Amino acid sequence: MKKIWRDPYFLGIFYSLLSMAVTLSINVLLYPIYWKILSKPDFVTWFSVFELSQFFLLLDIGFSQNFIKNNATGNSDSIEKNYHRLRGTLLLVALFALLIQLPTFFFTTETDSLQNFFPYFLLALSTALTLWSYAETAALRVFLSFQTIYIINIASSLVFLGIVLFFKEYGIYAIAIGSFIRAVLQNVAQTLALSFRLRITMKLVMVFESTMSAFFMNSAYLLLFAFDAIIFSKIGIKPDAVSSYMMNRKLYDILRGVFDVAMNIVAVRLANKRSARLTIGSSTVIIMLFGSALIFSPQIYKLVFGQDAYNGNLSLVLALAGASASVFRFYQTSLFMSNATYSILLLLIGTVIAKALSIISLYFTAFRIDIFYYLQTILVVATIFVVALRNRSKMVHT
């Protein structure tokens, strides 16, 4: 038992689950407040733009993931040298992301004044800071300091909670300011924690070392869910329907977030040793947990959001979509650690086709969101099977 508690991967999973429990509790507490203090258009606009902001994290294009992959078994001197390269590169990328986000958010929100745009300006700054702090997060992961990362996440999330609750009468401004302060705290705290491991200087070395496979991987994953609310709004689906979709999706977004956090730990494990048992076991756990969430979703929504927020048909299809996305992410990561760039590209192509056909289906089904996700889930699962069978056939012939 003592040996288990000393295992850094076990501790990483433990602290990641603790962090997600805190995040879940905060979301359970705050989401009904968002629902009440924001108008339906503001609710849809804020969370649609927030999802759009996640796209700009793609500008990492695998710099941090490639750093973990290449330094998982390295020594401190090489890690320090490569960390400063990563940090300098991501600073430049973060500034570029900020410059692109501002006009994109401005035209997406269609705000009529700079004052009304201020919350989205803070969101853009928060995204840029998060992107830059990927360097510290990656270095801490290489040193297996998972607990440090998640303790910082917990503390900054609690600060965010306090700000939103204390200033909730300011609505969207409180959410934006809280998000910005959380990003600043995470950046500063991670840098301070890493300073005990490495010599951190102000010298910035910008070396664009990445892999296209990481870019393909992240693009395909975000394409599964990151822009759906914006797509639904822009093609003419009513705000009430979009907000209902976003509310019913929240439970499964939280679960998907749990597995995203876990994958950050598993990725380091896969960089050292790959295991078929780990892949099968993780996929089984994903399906079981999403299934359990679906079973208890009526009670959860009635308790947290009120009965009027629950839509059984949407909940079912979003559970299926969430589970398939998490399995998809795990399979992507195992391929990335195996340097299977072509297979990752095939997954991206399959995802693009799945999303395009799902969008087209909206025009033939009176804009039914449930059919959109049924079709997308079927096509995504089919893509996984096709790529897996191709790889298995290739292994047999070699």
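Residues numbered from 1 in each chain as written. Predicted model: local features only at pLDDT ≥ 70, side-chain atom pairs only at ≥ 80, totals over all residues. Heavy atoms only, no water.

**Observations regarding helix H8 (residues 146-166)**
Definition in use: To qualify as a helix, a DSSP run of H or I must reach at least 4 residues; to qualify as a strand, a run of E must reach at least 2; elements of each kind are numbered from the N terminus. Expected helix span is taken as 1.5 Å per residue step, with the number of steps being one fewer than the number of residues. Summary of the burial criterion: residues with accessible area below 20% of their type's maximum are buried, those above 50% are exposed, and those between are partly exposed, where the area comes from a 1.4 Å probe applied to protein chains only.
For H8, spanning 21 residues, the distance from its first C-alpha to its last is 31 Å, which sits close to the expected 30 Å at 1.5 Å a residue. The complete set of buried residues in H8 reads Phe 146, Ile 149, Tyr 150, Ile 152, Asn 153, Ile 154, Ser 156, Ser 157, Phe 160, Leu 161, Ile 163 and Val 164.

**Some remarks on the packing of aromatic side chains**
Formally: Only the six-membered ring of Trp is used, alongside the rings of Phe and Tyr, when aromatic pairs are assigned; centres must lie within 6.5 Å, and planes under 30 degrees apart are stacked while those over 60 apart are edge-to-face, with the rest tilted.
The final tally for this structure, using the stated rule, is twelve aromatic pairs. Summarising the aromatic geometry, the rings of Phe 166 and Phe 167 are spaced 4.8 Å apart at their centres and angled 80° between planes, so their arrangement reads as edge-to-face. By relative accessible area, Phe 167 is classed as partly exposed at 36%. Consider the rings of Tyr 363 and Phe 367, whose centres lie 5.6 Å apart with planes at 65°: the pair is edge-to-face. On the accessibility criterion, Tyr 363 (51% relative accessible area) is exposed.

**What to know about the environment of Ser 282**
Note on placement: Ser 282 falls in helix H13 (residues 276-304). With relative accessibility at 18%, the residue Ser 282 sits in the buried group. Taking the C-alpha atoms as reference points, Ser 282 and Ser 326, 44 residues apart in sequence, are found 9.6 Å from one another.

**Overview of the nonpolar core**
Heads up, the condition is: Remark: nonpolar core denotes a set of buried residues (Ala, Val, Leu, Ile, Met, Phe, Trp, Tyr, Cys) joined through side-chain atoms within 4.5 Å. Residues are treated as being in contact if the distance between any of their heavy atoms lies within 4.5 Å.
Of all hydrophobic cores here, the largest spans 108 residues; its most connected members are Tyr 34, Phe 67, Phe 105, Phe 232, Tyr 245 and Tyr 373. Sorting elements by how many residues they give to this core places helix H14 (residues 312-337) first, with 13 residues. When neighbours within four sequence positions are excluded, Phe 232 is seen to be in contact with Ile 237, Val 242, Tyr 245, Leu 362, Ile 369, Phe 372 and Tyr 373.

**Section: the pattern of salt bridges**
Short version of the rule: Salt bridges are counted wherever a side-chain nitrogen of Lys or Arg sits within 4 Å of a carboxyl oxygen of Asp or Glu.
A full pass over the atoms with the stated rule returns five salt bridges. One salt bridge connects Arg 368 with Asp 370, and the closest N-O pair in it is separated by 2.7 Å. Using a relative accessible area of 41% as the deciding quantity, one classes Arg 368 as partly exposed. Connected through salt bridges with shared partners, the residues Arg 249, Asp 253 and Arg 256 form a single ionic network.

**Brief notes about unusual backbone geometry**
The phi dihedral of Ala 366 falls on the positive side, at around 60°, and the residue is not glycine. In this fold, Ala 366 is placed in the loop between helix H15 (341-364) and helix H16 (369-397). Not every positive phi belongs to a glycine, and Phe 367 is a case in point at roughly 60°. Assignment of secondary structure puts Phe 367 in the loop between H15 and H16. Judged by its relative accessible area of 33%, Phe 367 is partly exposed.

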